[in-house]
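Coordinate analysis (summary)
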Amino acid sequence: MSESLAALIVISAIVGVGGFVGLYAGTRHKMDMEQWIVAGRGFGVIFVWLLMAGEVYTTFTFLGASGWAYSRGGPVFYILAYQPLIYVVSFYVLPQMWEAGKRFRLQTQADFFRVRYGSKSLEAFVALVGVVFLIPYLQLQVTGLGLIVEVASFGGIRRTPAMVISFAIVAAFVFTSGVRGAAWVSVLKDFLLLFAALFVGFAIPYHYFGGIGPMFTALIRAKPQHLVMPGATNNLGHAWFVSTVIMTALAFFMWPQYVGACFTARSGDTIRRNAVIMPLYSITMPLMFVVGFTALLVVPGLADSNLALLTIVRKTFPPWFLGIIGGAGALTAMVPAAVQLLTASTLFIKNFCSPIFAPSMTDIQVARAARATVLGIAALALGFAIYSDTTLVALLLLGYAGVVQLFPGVVFGLYSRRVTAGGIFAAMAAGIAVVAFLVLTKRDPFMGFNAGFLGLCVNLVIVAVARLLTSARPTVFDEPAQAQSA
Amino acid sequence: MKRPSLGAILFGLIPFAAICLPVSVWDRIDPRVFGLPFNFFWLISWLVLTPLCMWGAYHIIETGRRPSPLRQNKEFVP
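Residues numbered from 1 in each chain as written. Chains lettered and ligands numbered in written order. Predicted model: local features only at pLDDT ≥ 70, side-chain atom pairs only at ≥ 80, totals over all residues.

This brings us to the overall build of chain B. Each helix and strand counted, chain B has three helices and zero strands in total. Its helices and strands taken in sequence order, chain B reads α-α-α from the N to the C terminus. A burial count over chain B gives 29% of its 78 residues as buried. A separation threshold of at least 6 residues defines the contact pool for chain B, and within that pool the share at least 24 residues apart is 62%. (Helix = DSSP H or I, 4+ residues; strand = E, 2+ residues; numbered from the N terminus. Buried ≥ 20, exposed ≤ 12 C-beta atoms within 10 Å, placed from the backbone. Contact = placed C-beta atoms within 7 Å.)

On to the confidence of the model for chain B, then. On average, chain B scores 85 in pLDDT, and the residues at 70 or more come to 83%. The ipTM for the predicted assembly is 0.86, set against a pTM of 0.88. (pLDDT = per-residue confidence, 0-100.)

Across the contact, 40 residues belong to chain A and 34 residues belong to chain B. Those elements that place two or more of their residues in the side of chain A that touches chain B are α5 (77–104), α9 (212–222), α10 (238–251), α12 (268–277) and α18 (407–415) of chain A. The element contributing the most residues to the side of chain A that touches chain B is α5(A), with 12 residues. For the side of chain A that touches chain B, the residue count by class is 29 nonpolar, eight polar and three charged. (Nonpolar A, V, L, I, M, F, W, Y, C, P; charged D, E, K, R; others polar.)

As a further point, take the packing of helix α15 (residues 319–357) of chain A against helix α16 (residues 363–387) of chain A. Helices that pack against each other are described as a pair by the angle of their axes relative to one another and the distance between those axes. Residues and elements named next belong to chain A. Where α15 meets α16, the axes come as close as 8 Å, and the angle between the chain directions of the two elements is 125°. Relative to α16, α15 is oriented oblique. In this structure, the crossing between α15 and α16 has a hand that is right-handed. Between α15, through Leu341, Leu342, Ala344, Ser345, Thr346, Phe348, Ile349, Lys350 and Ser354, and α16, the contact on the second element is made entirely by Val366, Ala369, Ala370, Thr373, Val374, Ile377 and Ala378. In the contact of α15 with α16, the residues fall into 11 nonpolar, four polar and one charged. (Axes fitted to C-alpha atoms, helices over the stretch in contact; angles between N-to-C directions. Parallel < 35°, antiparallel > 145°, perpendicular 65-115°, else oblique. Left-handed = near helix turned anticlockwise from the far one by under 90°.)

Now for helix α1 (residues 2–25) of chain A. Residue and element names in this part refer to chain A. End to end, α1 covers 34 Å across 24 residues, agreeing with the expected 34 Å (1.5 Å per residue, within 8%). Regarding α1, the residues found buried are Ala7, Leu8, Val10, Ile11, Ile14, Val15, Gly18, Gly19, Gly22 and Ala25. Structurally, α1 contributes buried residues whose contacts are with α7 (120–152), α8 (159–209) and α15. (Expected span 1.5 Å × (residues − 1).)

Residue and element names in this part refer to chain A. Running from N to C, α8 and α15 cross one another at 135°; their axes reach a closest spacing of 7 Å. Taken as axis vectors, α8 and α15 run oblique relative to one another. Crossing hand, α8 versus α15: left-handed. A per-class count over the contact of α8 with α15 returns 23 nonpolar, six polar and one charged.

This part covers the environment of A:Ala53. Residue and element names in this part refer to chain A. Tracing the chain through its elements places Ala53 in helix α3 (residues 45–56). By the C-beta count within 10 Å, which is 20 here, Ala53 ends up buried. Along the backbone, Ala53 and Val187 are 134 residues apart, and their C-alpha atoms lie at a distance of 9.6 Å. For Ala53, the contacting residues outside a window of four places in its chain are Ser186, Asp190 and Tyr281.

Right, let's get into the nonpolar core. Residues and elements named next belong to chain A. One finds Val170, Ala338 and Leu341 to be the most contacted residues of the largest nonpolar core, which totals 208 residues. For this core, the element with the most residues is α8, which contributes 21 residues. Apart from the residues within four sequence positions on either side, Leu341 is in contact with Leu138, Val170, Ala171, Val174, Val374, Ile377 and Ala378. (Core = buried A, V, L, I, M, F, W, Y, C linked by C-beta atoms within 7 Å.)

Let us now look at the environment of A:Gly402. Residues and elements named next belong to chain A. Assignment of secondary structure puts Gly402 in helix α17 (residues 392–403). Given 24 C-beta atoms within a 10 Å radius, Gly402 is considered buried. If we skip the residues at most four places from it in the chain, Gly402 touches Val129, Phe133, Ile432 and Val435.

Right under this line is the structure:
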């Protein structure tokens, strides 16, 4: 019991400090919609970096990366491969998106579709796609958090109370502080996670094998095929790898919450510089793989591979250290969940409900309704996490394959004068239909290729045909800037 | 909106090409580098090399935006 008590105190302290920082962050600002969702567009390089790093490293990274290394082997390298490439894509898309955001006061991705294509139906459709795919992502954070806290407290805190308490904290600081709360909690989370990953990644292989090199030598001797693709799977080969890496790299910054993070920046150049340096931060990711590979040798045969990291940490270190990992893990769920919650609520009220059901809503009413919706969506995700089973990883993969279908609408919307609302809508709907069919009928990967990638190919073909049928016409971005400044 | 120049885009294609095209060549265990399997080492090294490529792209975009030697610190207006 004293073991569990030590870990429990450390976890509670970390989560408590995180919650306090989050609540405090918003107190010095008057929380209108601009402050709440895009922090008044005032973040410099460091804060944008912390917020993006805070959002990108979710519980899936924390538990999933080591878990895939443990259970699947070689295919886990896709996670490492797409990390630098998402920032390459962001370099060419987000600064322009930020400029559009600044000029037209955009707060969400769906706002972009409304302004660029002049269509409220397209806006509502994009908002709905975002919300539908964000809820399973949110549910994944809740479930991962419950798992981390339960294992890290030696069963001292059960899964359900852990999920309820920490999500009440998240909902509270999102409600009061908006994106500022998430950014400030990120400061704590990023430092803890960096420390935890560096320490665990070097110490665990050193403890059992005398270093990372000797650990790999032992693994190669024991399982020579585990470290190359398809590893321990039978269908995750090179075609799957390439199609998944390209699909994920293009999909990543189509998630509506990352578009929102881009709008918090002070300038487009902040975003561009951030895109240059971000890949360096992924250097902790390989260490998560190393822990997963070591766990395969030291604690083989786990039923749930998501527990590989926590199990080996629990076996190796004293309870208070497990508490630090548990606390860092809990914050790793809470920060992305906060921004997902914020984005889903705003999309739902501002871009879906308001244009369809209540076009006369004022900005103040929209802000008030969006903040109230935070509590509703948090309760919904919590309910799914408590009462449903574990099909959510499948839902998340469907989510990536789904949001990548927004890519042509965003990129051609920014750079081309030959795309219209109708063409983009048809292409997007066809892409999502292909993905939903392949994933829901368990045909992913299809003939070795990732379903989202195939959906995107269909999507792009339709966009190309639509472009041929459309003559170039001026877009809102061609209008002189001063006409829009009011 | 103004598209990035061809040179800036080419820099960004380097990491994509290096990771996606020769996958059947680099997805191997030997030669081990610093004790790491070769595929693991290759992907880790692109975490460092990608910022270098993107620094090149950034440089091109920066110089393209500078109209005169006296650089004015104004926001870029599309």
